[in-house]
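Letter by letter, the chains look like this.
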Amino acid sequence: KSETTKSEPENLSTKEDKNLSEKQEVFVYQLGFYSSKENAQNLVNRCKEKNISAQIQQVTRPSGNVYFAVIVKSTNSEIGTIIKNSGFECYPIFE
């Protein structure tokens, strides 16, 4: 029974995650924009210390210059406030 009980919530969780991504709005915030990937990674690491899951998005401008944006994506509408209360500046990204 315990094996069945364990597998059922996993399946439900997977279905819920799939439904959330289809139905809920995703909020995107930019925390930094760097010409150095190392600096972007340093910010990602600082975010991780505050339990904020940030990622690096590489951006190539028409000039050919490459930049590294540090962004956070979440379905939590309060994520901007959470980021700011953790000591980071952030700006919403509207796609």
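This text follows the structure it describes.
A quick note: this is a predicted structure, and the numbers were derived from the prediction, not measured. (Residues numbered from 1 in each chain as written. Predicted model: local features only at pLDDT ≥ 70, side-chain atom pairs only at ≥ 80, totals over all residues. Heavy atoms only, no water.)

(A) A look at the overall build of the protein. Secondary structure assignment for the protein yields three helices and four strands. Counting helices and strands in the order they occur from the N terminus, the protein gives α-β-α-β-β-α-β. Taken over 95 residues, the protein has a buried fraction of 23%. The contacts in the protein between residues at least 6 apart in sequence include a share of 62% that link residues at least 24 apart. Summing over all exposed atoms, the protein offers an accessible surface of approximately 7200 Å²; the carbon and sulfur share of this is 45%. (Helix = DSSP H or I, 4+ residues; strand = E, 2+ residues; numbered from the N terminus. Buried < 20%, exposed > 50% of the residue type's maximum accessible area, 1.4 Å probe, protein only. Contact = heavy atoms within 4.5 Å. Areas by Shrake-Rupley, 256 points an atom, 1.4 Å probe, with all protein chains shown as cover.)

(B) Layout of helix 2 (residues 37–49). When the terminal C-alpha atoms of helix 2 are compared, their 19 Å separation across 13 residues agrees well with the 18 Å that a helix rising 1.5 Å per residue should span. Among the residues of helix 2, Ala40, Leu43, Val44 and Cys47 are the ones counted as buried. For helix 2, the angular spread of the buried residues around the axis is 100°, confining them to a single face. Turned more than 90 degrees away from the buried face of helix 2 sit Glu38, Lys48 and Glu49, all of them exposed. Looking at the buried residues of helix 2, the elements they touch are strand 1 (27–34), strand 2 (55–60) and strand 3 (66–74). Two to three positions downstream of the cap, the backbone nitrogen of Glu38 sits 3.3 Å from a side-chain oxygen, assigning the N-cap of helix 2 to Ser36. The first or second residue beyond helix 2 is Asn51, which carries a positive phi of 60°. (Expected span 1.5 Å × (residues − 1). Arc of directions from axis to C-beta. Polar contact = N/O pair within 3.5 Å; in protein donor to acceptor, adjacent residues only side chain to side chain.)

(C) Representation of the nonpolar core in the model. Ranked by internal contacts, the top residues of the largest apolar core, which has 15 residues, are Leu31, Cys47, Val70, Val72, Ile83 and Phe88. With residues near it in sequence (within four places) discarded, Phe88 still touches Leu31, Leu43, Arg46, Cys47, Lys50, Ile52 and Ile83. (Core = buried A, V, L, I, M, F, W, Y, C linked by side-chain atoms within 4.5 Å.)

(D) Examining unusual backbone geometry more closely. Even without being a glycine, Asn51 presents a positive backbone phi close to 60°. Positionally, Asn51 belongs in the loop between helix 2 and strand 2. Taking the relative accessible area as the measure of exposure, Asn51 reaches 74% and is therefore exposed.

(E) Highlighting the pairing of strand 3. Strand direction decides the pairing type here: strand 1 and strand 3, joined by seven bridges, are antiparallel. Pairing of Tyr29 across the sheet is with Val72, part of strand 3. Pairing geometry for strand 2 and strand 3, over six bridges, is antiparallel. Residue pairing for strand 3: Gln58 is matched across the bridge by Phe68. Hairpin connection from strand 2 to strand 3: five residues lie between these consecutive antiparallel strands, with Gly64 at a positive phi of about 95°. (Pairing = 2+ DSSP bridges.)

(F) Here's a closer look at the sheet that holds strand 4 (residues 91–93). Overall, antiparallel pairing links the four strands, which are arranged 2-3-1-4 in an open sheet. In this open sheet, the two edge strands, each paired with only one partner strand, are strand 2 and strand 4. Taken pair by pair, the neighbouring strands of this sheet meet at an average axis angle of 45°, ignoring direction. Of the strands in this sheet, strand 1, strand 2 and strand 3 are in contact with helix 2, which crosses strand 1 at around 135°. (Axes fitted to C-alpha atoms, helices over the stretch in contact; angles between N-to-C directions.)

Purely geometric numbers; function is a separate question.
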